[in-house]
Amino acid sequence: MKKAIYALILPLVVVSGIVFGNRQIKNESSEQLTPKPLTAAEKNAAMKEWLATPAGIKFKEWEASPQGEKVLACAAKIKKYINSGTSMEAVVTSLALPPGARLGFGLMVRIDGEEYILNFRPENFAEFQPLRNLKVDDKIIIRSHNVSYAPKYSFPIISGDYIEQNNKIIYKREPLKDGC
């Protein structure tokens, strides 16, 4: 009888030791893989290195082109609103993104006479339903934390964080969990 109990307990001890030992190794390796933030000098060096690549050269050429200068000027025009987190009045000009856009759900809007892509992070698609009820020429209030641009698009891209229409909030981005 004792031999049978020992025969059952011994494999249990061995398996649990392997499981707990393996878990500890995984935790240690994940802590070691967490990169430390780059310093400003390291960021500048990485940027210079990237600018020397074919993609970096194409990007610099695009920035110097008339289309690139226009996009950068439009982005700079609303940067003060983005940095301060204040509201921008916009008019919906199109319910679809430009042909070939791979940004997910978004709209085209006009702010201060300039066209922008208003893009939304894919979350729960039910949250987009009030946005789908918008029509061309509807006036909305936008708050955003980011404006970006890419050579592929002829317009700056605004990340939609908060959208209001007729003093009613129709979209509000939830902050990311875990601080990221």
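Here the structure is a predicted model, which means the values were calculated and not measured. (Residues numbered from 1 in each chain as written. Predicted model: local features only at pLDDT ≥ 70, side-chain atom pairs only at ≥ 80, totals over all residues. Heavy atoms only, no water.)

**Let's talk about the overall build of the protein chain**
Move 1: In terms of helices and strands, the protein chain carries 5 helices and 8 strands.
Move 2: Start at the N end of the protein chain and walk to the C end: the helices and strands fall as α-α-α-α-β-β-β-α-β-β-β-β-β.
Move 3: When the 180 residues of the protein chain are sorted by exposure, 26% land in the buried category.
Move 4: For the protein chain, contacts bridging at least 24 residues in sequence account for 54% of all contacts bridging at least 6.
Move 5: Working note: accessible area of the protein chain is about 12600 Å², and carbon and sulfur atoms make up 60% of it. (Helix = DSSP H or I, 4+ residues; strand = E, 2+ residues; numbered from the N terminus. Buried < 20%, exposed > 50% of the residue type's maximum accessible area, 1.4 Å probe, protein only. Contact = heavy atoms within 4.5 Å. Areas by Shrake-Rupley, 256 points an atom, 1.4 Å probe, with all protein chains shown as cover.)

**Concerning the environment of Y153**
Move 1: Turning to its location among the elements, Y153 is positioned in the loop between β5 (147-148) and β6 (157-159).
Move 2: For Y153, a relative accessible area of 9% corresponds to the buried category.
Move 3: Setting aside residues no more than four positions away along its own chain, Y153 makes contact with W62, Q67, V71, A101, R102, L103 and I117.

**Some details on the sheet that holds β6**
Move 1: Judged by pairing direction, the sheet is mixed, and its 8 strands sit side by side in the order β5-β6-β3-β2-β1-β4-β7-β8 without closing on themselves. The sheet is open, and its two borders are formed by β5 and β8 (168-172), each paired with just one other strand.
Move 2: Of the pairings in the sheet, the one linking strand β2 (residues 106-111) to strand β3 (residues 114-119) comprises 6 bridges and is antiparallel in character. Across the sheet, residue G106 finds its bridge partner in β3, namely N119.
Move 3: Lying over the sheet, helix α4 (residues 66-84) contacts β1 (88-94), β2, β3, β5 and β6, oriented at roughly 70° with respect to β3. (Pairing = 2+ DSSP bridges. Axes fitted to C-alpha atoms, helices over the stretch in contact; angles between N-to-C directions.)

**Describing the packing of aromatic side chains**
Move 1: Counted under the stated rule, the structure contains 3 aromatic pairs.
Move 2: The interplanar angle of 25° and the centroid separation of 6.1 Å between the aromatic rings of W62 and Y149 together place this pair among those described as stacked. In this pair, W62 sits in helix α3 (residues 54-64) while Y149 sits in the loop between β5 and β6, placing the two residues 87 residues apart along the sequence.
Move 3: Accessibility expressed as a relative area gives 8% for W62, which makes it buried. (Phe/Tyr/Trp six-rings, centres within 6.5 Å; stacked < 30°, edge-to-face > 60°.)

**Concerning the environment of E89**
Move 1: Note that E89 resides in strand β1.
Move 2: What makes E89 exposed here is its relative accessible area of 65%.
Move 3: For E89, the contacting residues outside a window of four places in its chain are R110, I111, I140 and I141.

**So, the side chain of S144**
Move 1: Within the secondary structure, S144 is located in the loop between β4 (139-143) and β5.
Move 2: Polar contacts involving the side chain of S144 include one to the main-chain carbonyl oxygen of N146, which spans 3.0 Å.
Move 3: There is a polar contact of 2.5 Å between the side chain of S144 and the backbone oxygen of S159. (Polar contact = N/O pair within 3.5 Å; in protein donor to acceptor, adjacent residues only side chain to side chain.)

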